[in-house]
Amino acid sequence: MADNLKDNRGFESIADIVNDIADRALGGFDDFEDDEYHYPRMILDYYKSDDCPEPLNEEVYQQVLREYDERVYRAIWLKIHSRIY
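Residues numbered from 1 in each chain as written. Predicted model: local features only at pLDDT ≥ 70, side-chain atom pairs only at ≥ 80, totals over all residues. Heavy atoms only, no water.

With respect to the environment of Ala25
The line we're drawing: Secondary structure elements follow DSSP: runs of H or I no shorter than four residues count as helices, runs of E no shorter than two count as strands, and numbering proceeds from the N terminus. Note on contacts: a residue pair qualifies if any of its non-hydrogen atoms lie within 4.5 Å across the two residues.
Take Ala25: it is sitting in helix α1 (residues 14–27). Along the chain, Ala25 and Tyr39 lie 14 residues apart, while their C-alpha atoms are 9.0 Å from each other. Excluding residues that lie within four positions of it along the chain, Ala25 makes contacts with Tyr39, Ile43, Tyr47 and Ile76.

Regarding the packing of aromatic side chains
To keep it simple, the criterion reads: A pair of Phe, Tyr and Trp rings is counted when the ring centres sit within 6.5 Å of each other, with Trp represented by its six-membered ring. The angle between the planes then sorts it: under 30 degrees is stacked, over 60 is edge-to-face, the rest tilted. Residue burial is assigned from relative accessible area. The probe radius is 1.4 Å, only protein chains are included, and a residue is buried under 20% of its type maximum, exposed over 50%, and partly exposed in between. In our convention, an over-ring charge means Lys NZ or Arg CZ found within 6 Å of a ring centre and within 35 degrees of that ring's normal.
According to the stated counting rule, one finds three aromatic pairs in the structure shown. Arranged with centres 5.1 Å apart and planes meeting at 70°, the rings of Phe29 and Tyr39 form a pair that is edge-to-face. One end of the pair, Phe29, is in the loop between α1 and α2 (39–47); the other, Tyr39, is in helix α2, and ten residues separate them in sequence. Here Phe29 and Tyr39 have matching classes, each one buried. Above the face of the Tyr68 ring, Arg71 is positioned so that its terminal group lies 5.8 Å from the ring centre.

Some points on the side chain of Asp20
Checked against the element boundaries, Asp20 lands in helix α1. Since its relative accessible area comes to 19%, Asp20 is described here as buried. In this structure, Asp20 is in contact with Phe11 and Tyr61, ignoring residues within four places of it in sequence.

Side note on the packing of α1 against α2
What counts is decided by this rule: Angles here are taken between N-to-C directions and fall from 0 to 180 degrees, while the axes themselves are lines fitted to C-alpha atoms, restricted in helices to the stretch in contact. Our angle categories are set so that under 35 degrees counts as roughly parallel, over 145 as roughly antiparallel, 65 to 115 as roughly perpendicular, and the remainder as oblique. Handedness of a crossing follows from how the near helix is turned relative to the far one, being left-handed for an anticlockwise turn of less than a right angle and right-handed for a clockwise one. In this classification, Asp, Glu, Lys and Arg are treated as charged, Ala, Val, Leu, Ile, Met, Phe, Trp, Tyr, Cys and Pro as nonpolar, and every other residue, Gly included, as polar.
Their axes nearest at 11 Å, the elements α1 and α2 cross at an angle of 110°. Here α2 runs roughly perpendicular to α1, going by the angle between their axes. Between α1 and α2 lies a crossing of right-handed hand. In contact with Ile21, Arg24 and Ala25 of α1, α2 contributes Tyr39, Ile43 and Tyr47. Taken together, the residues of the contact of α1 with α2 break down into five nonpolar, no polar and one charged.

Put into structure tokens, the structure is as follows:
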């Protein structure tokens, strides 16, 4: 795990945090209402906003969202597509 993450919440790697964020995003995805192509970017923008829900507003998550934006995006996209196809 990166030494500069202030509080790792027990995560052992960046991949664990990315996976946790993607799982949380998938939990909010509605197969019938949400667009699987726009949802990953929309939810990432929300998670990086001032209105971000807990615990995703904690620094360990925010740092990963800032530094690994595309990696998180791909993880969300893959989870959505593996569920619906």
